[in-house]
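# Overview (structure and organization)
Next come the chains, spelled out residue by residue.
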Amino acid sequence: MQPNTTAAGGGSRIATVLLMVSTVLVGLMAGLFFAFDVSVMPGLARGDGRTYVTAMQNMNAVIDGNGLFGTVFVMALLAAVASAAVELRRGRRGVAVWVGAAAVLYLAVLVITFTVNIPLNNELADAGDAARLTDFSIVDRFKGTWVAANIVRTVCSTAALIALVRALVLYGRATRPR
């Protein structure tokens, strides 16, 4: 047995770790986006404009300043890309294709976040103290676009998670002892 080989067969430890880490990280992000879709945003929509602005400003400030969130958010893509590269190099094209598809889907999540959600979050932050606002038309503009973009992020990250799960199944078959 080579030193970089697991007892399960032909899988390297780094390949196993990368695939598992990317799956968990993408799963965490899919869960976060889903939670916003089914609870946070509908709950906020039931309140008034002032509550909506205050809550979103506070949540965005917490997320923006959270190193753990930032790490998970970015490392999900990096781990998937690295995993796809390792699998391709090891000749497991089937696994690599599924992990690569997951990376592309998750990249779409990042693109949507940076081009739609973050600019809207910044616009809401720039509105200032919600206690002093008198015009809450920003909330109506924010709600529709932000929520729709988040639904797309949920769909893309969930599809990426499904692709990673498929990759794990194929990886397990490829590394089984013969």
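Note that this is a predicted model, so its numbers are computed, not measured.

## Focus: the side chain of Asn-121
One can find Asn-121 in helix α4 (residues 93-126). Here Asn-60 takes part through its side chain, which lies 3.2 Å from a polar atom of the side chain of Asn-121. Among residues more than four places away in sequence, those in contact with Asn-121 are Met-56, Asn-60, Phe-142 and Trp-146.

## Description of the environment of Asp-129
Within the secondary structure, Asp-129 sits in the loop between α4 and α5 (137-174). Note on Asp-129: relative accessible area 42%, which makes it partly exposed. For the pair Asp-129 and Gly-70, spaced 59 residues apart in sequence, the C-alpha separation works out to 25 Å.

## Remarks on the confidence of the model for the protein chain
Reading predicted coordinates in detail is not appropriate for stretches of low pLDDT. Put simply, the protein chain has an average pLDDT of 91, and 93% of its residues get 70 or more. Throughout residues 1-9 the model reports pLDDT below 50, and contacts reaching past four residues in sequence, or to other chains, amount to 17 contacts.

## A closer look at the packing of aromatic side chains
Under the criterion given, the structure shown has six aromatic pairs. Note on Phe-142 and Trp-146: the rings are 6.0 Å apart at their centroids and 15 degrees apart in plane angle, and the pair reads as stacked. Here the residue Phe-142 and the residue Trp-146 both occupy positions in helix α5, the gap between them amounting to four residues, near one helical turn. Judged on exposure class, the residue Phe-142 and its partner Trp-146 are both buried. Every member of this aromatic cluster is reached through a ring pair, and the members are Phe-36, Tyr-52, Phe-142 and Trp-146. Positioned over the ring face of Tyr-52 is Lys-143, at 5.3 Å from the centre of the ring. Stacked on the ring of Trp-146, the Lys or Arg Arg-153 has its end atom at 5.4 Å from the ring centre.

How each quantity is defined
- Residues numbered from 1 in each chain as written.
- Predicted model: local features only at pLDDT ≥ 70, side-chain atom pairs only at ≥ 80, totals over all residues.
- Heavy atoms only, no water.
- Helix = DSSP H or I, 4+ residues; strand = E, 2+ residues; numbered from the N terminus.
- Polar contact = N/O pair within 3.5 Å; in protein donor to acceptor, adjacent residues only side chain to side chain.
- Contact = heavy atoms within 4.5 Å.
- Buried < 20%, exposed > 50% of the residue type's maximum accessible area, 1.4 Å probe, protein only.
- pLDDT = per-residue confidence, 0-100.
- Phe/Tyr/Trp six-rings, centres within 6.5 Å; stacked < 30°, edge-to-face > 60°.
- Lys NZ or Arg CZ within 6 Å of the ring centre and 35° of its normal.

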